[in-house]
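The lines below spell out each chain.
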Amino acid sequence: MSLEMSTLVTYAKTKGFVYQGSEIYGGLANSWDYGPLGAQLKENIKNLWIKEFVQKRKDMVLLDASIMMNPNVWVASGHVGSFSDPLMECKECHTRHRADKLVEEALERDPNFPVPANWAWDKTPLEDLNSYNTAGHLACPNCGAKNWGEVKRFNLMLSTSQWVTEDGTSLVYLRPETAQGIFVNFSNIARSSRKKIPFGVAQCGKAFRNEITPKNFIFRTREFEQIEIEYFCKPGTDAETFETWLVDEGKFFTDVLGLKSDKVRFIEIPAEGLPHYSKRAGDFEYLFPFGWGEISTLANRTDYDLGAHMKHSGADLSYFDPYDNTKYLPYVIEPSIGLSRLTLAALCDSYDEIPGEEWTSKVVMRFAPQVAPIKVGIFPLVKKFSESANELYGILSKEFMCEYDEAGTIWKRYQRADEIGIPFSICIEPENYDQGQVTVRDRDTGEQEIVVIVELIEWLKTKGC
Ligand code: GAP
């Protein structure tokens, strides 16, 4: 059964994955809050990423840089000057749209749809977009009119002010990507961690963009979370390093997070669509209910960022390579993932509606055990067994997120567990509990297995919890 986005939004709210932000005040456009299950799901994805790419590797370290940075960082990175999208307003209904996205959406519907002259996605020259509009190619998605105002560039940086004196303010930006915090700390990290190139730095955190058309639930929002890696390598080894990351990132999505492999693809960005500093780039996309959408960008950023910060700050960011006594500016391969989008992909991927009559159909969230917000359900068969069930909760909750539920029939509790994606549920019955055993039910097969309590933690770990 194909999933509608509106169904998922309602389901996510009902079960406590994601709520509308500031709901009791009528909400705030495009802001979302992660509820108890959503917050845990996002945390699990982030921790699996850290485990895979930092903990398991000798060549990676973690960083947590500030959201507000010296504004010169964003001048040097090019964001103040050119981090913008082409914005146009419909003169009839006054809704605002991204010119490049409207062309892209038209191309998705009809691959032969004409594109503007010098088409380069969001980098298409404004004069070409304006003459394209004058020729009447694009209709307003809101009212259908073809009466557009002039296309202008709209900077996506969000800013606030930091008081520096009693009578004045100083403009600071909210970072639009976590990456720059890594670049400006490159020398600090290389020195203090004693890592030798090639090595990488991983960072998780919030990023902010004043998106023109935020949409599709938590897919495109003004406040979101990124998990980014900047992998520093010797110039000349960058092409090979890119290939390695391409494989590793793909495996992370399918093998580690368990996303369906036919719903994940990598699309190479053609040379004419690459930013000037990028040698090669592409996007990992997931097949969302609204179509393919980018979840990650993999880019060869060359030595552009370190070079730009060296020029603007005057700091020497070059690296002395002890292996061959050479000094150079490292090249950077950047696997940059949107954590909020990956969380949305995990929700879409696991949502499984089992059809039936209106009152019997049910939803099972088939999260991979390692991703599931709650790993184990602990259910005393009847309330009088609650002492044993609480004892088991005390043991298992040291290792796993557990859910304790003693309300309703056991089948009702299994169903509630399925609905929030708990992979294993344990029913406590005194006959086998007193013999040191429990019955564990598998969410996906419905099969029940007797497991010895002292082996339970290990058993659950081997199942991926
Ligand atoms: N440092 C490189 C960089 O930021 P990007 O392609 O602009 O590259 C990386 O962003 C990832 O961040 C995207 O692939 C996407 O998953 C996520 N992302 C970007 N803008 C977003 C938004 N407005 N809402 C949610 N996620 C976003």
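Refer to the structure above for everything that follows.
Model, not experiment: these values are computed from the prediction. (Residues numbered from 1 in each chain as written. Predicted model: local features only at pLDDT ≥ 70, side-chain atom pairs only at ≥ 80, totals over all residues. Heavy atoms only, no water.)

A count of helices and strands for the protein chain gives 15 helices and 23 strands. Here the protein chain has a C-alpha radius of gyration of 25 Å; the compact-globule value for 465 residues is 23 Å, and the two agree. Each principal axis of the C-alpha atoms in the protein chain carries an extent, and together these give about 75 × 65 × 55 Å. Within the protein chain, buried positions represent 49% of all 465 residues. Put simply, of all contacts in the protein chain between residues at least 6 apart along the chain, 64% involve residues at least 24 apart. With an accessible surface of roughly 22,300 Å², the protein chain has 51% of that area assigned to carbon and sulfur atoms. One finds the centroid of the 51 positive side-chain charges in the protein chain at a distance of 2 Å from the centroid of its 67 negative side-chain charges. (Helix = DSSP H or I, 4+ residues; strand = E, 2+ residues; numbered from the N terminus. Rg over C-alpha atoms; globule rule 2.2 N^0.38 Å. Buried < 20%, exposed > 50% of the residue type's maximum accessible area, 1.4 Å probe, protein only. Contact = heavy atoms within 4.5 Å. Areas by Shrake-Rupley, 256 points an atom, 1.4 Å probe, with all protein chains shown as cover. Lys, Arg positive; Asp, Glu negative; His and termini not counted. Charge placed at Lys NZ, Arg CZ, Asp CG, Glu CD.)

Looking now at helix α9 (residues 238-256). Between its first and last C-alpha, α9 extends 25 Å over 19 residues, near the 27 Å set by a 1.5 Å rise per residue. Once α9 finishes, glycine 258 follows within two positions and takes phi at roughly 80 degrees, a positive value. (Expected span 1.5 Å × (residues − 1).)

In space, the 3 strands of this open sheet follow the order β5-β4-β6, with antiparallel pairing throughout. Each having just a single partner strand, β5 (96-98) and β6 (152-155) make up the two edges of the open sheet. Each strand of the sheet is rotated relative to its neighbour by a mean of 50 degrees, with strand direction disregarded. Where strand β4 (residues 84-89) and β5 come together, 3 bridges link them in antiparallel fashion. The residue of β5 that forms the bridge with methionine 88 is histidine 97. Across the sheet, helix α5 (residues 99-109) touches β4 and β5, and the angle it forms with β5 is around 65 degrees. (Pairing = 2+ DSSP bridges. Axes fitted to C-alpha atoms, helices over the stretch in contact; angles between N-to-C directions.)

Attention shifts here to the pattern of salt bridges. Under the criterion given, the structure shown has 31 salt bridges. Between aspartate 85 and arginine 98 there is a salt bridge; the shortest N-O distance is 3.1 Å. Taken together, the positions of aspartate 85 in strand β4 and arginine 98 in strand β5 put the pair 13 residues apart, joining distant regions of the chain. Residue classification places aspartate 85 among the buried residues on the basis of a relative accessible area of 3%. It is possible to trace a salt-bridge network through shared partners that takes in Glu177, Arg301, Asp305 and Glu334. (Salt bridge = Lys/Arg side-chain N within 4 Å of Asp/Glu carboxyl O.)

This part takes up the layout of surface pockets. Within this model, the second largest pocket holds a volume of roughly 450 Å³. Of the residues forming the lining of the second largest pocket, the biggest block, 6 residues, is contributed by helix α2 (residues 36-55). A domain-level breakdown of the lining of the second largest pocket finds at least three residues from each of domain 1 (5-80 + 158-349) and domain 3 (374-462). (1 Å grid on protein atoms, 1.4 Å probe; cavity = no way out; pocket = protein on both sides within 12 Å on 5 of 7 lines; lining within 4 Å. Points joined across faces, edges and corners; volume = space filled by probe spheres on them. Domains from an automatic or database assignment.)

Around the ligand, the structure places 19 residues, and the nearest of them are Glu177, Glu211, Glu228, Glu294 and Thr297. A distance of 2.7 Å is found between a nitrogen atom of the ligand and a side-chain nitrogen or oxygen belonging to glutamate 211. Compared with its free state, where it exposes 560 Å², the ligand has 91% of that area covered by protein. Mapped by element, the contributors of at least two residues to the shell around the ligand are β10 (223-233), β13 (291-302) and β16 (331-338). Tallied by class, the residues present in the shell around the ligand amount to 4 nonpolar, 6 polar and 9 charged. (Near = heavy atom within 4 Å. Polar contact = N/O pair within 3.5 Å; in protein donor to acceptor, adjacent residues only side chain to side chain. Nonpolar A, V, L, I, M, F, W, Y, C, P; charged D, E, K, R; others polar.)

With that settled, consider helix α13 (residues 410-419). Those residues of α13 not exposed but buried are Ile410, Arg413, Tyr414, Ala417, Asp418 and Glu419. Those residues of α13 that are buried are in contact with α1 (5-15), β18 (362-365), β19 (376-380), β21 (424-428), β22 (437-442) and β23 (448-452). Downstream of α13 by one or two residues, glycine 421 has phi in the positive range, about 80 degrees.

So, on to the packing of α2 against helix α11 (residues 339-350). Running from N to C, α2 and α11 point in directions that differ by 110 degrees, and their axes come no closer than 10 Å. Relative to α11, α2 is oriented roughly perpendicular. Note that α2 runs across α11; the crossing there is right-handed. Of α11, the residues touching α2 (which contributes Leu41, Lys42, Ile45 and Lys46) are Leu339, Leu342, Thr343, Ala346 and Leu347. (Parallel < 35°, antiparallel > 145°, perpendicular 65-115°, else oblique. Left-handed = near helix turned anticlockwise from the far one by under 90°.)

What follows is about the side chain of asparagine 300. Within the secondary structure layout, asparagine 300 lies in strand β13. For asparagine 300, the side chain forms a polar contact with the main-chain nitrogen of threonine 302, separated by 3.0 Å. Apart from residues lying up to four places away in sequence, asparagine 300 is in contact with Asp238, Phe242, Tyr277, Ser278, Lys279, Arg280, Tyr331, Val332 and Ile333.

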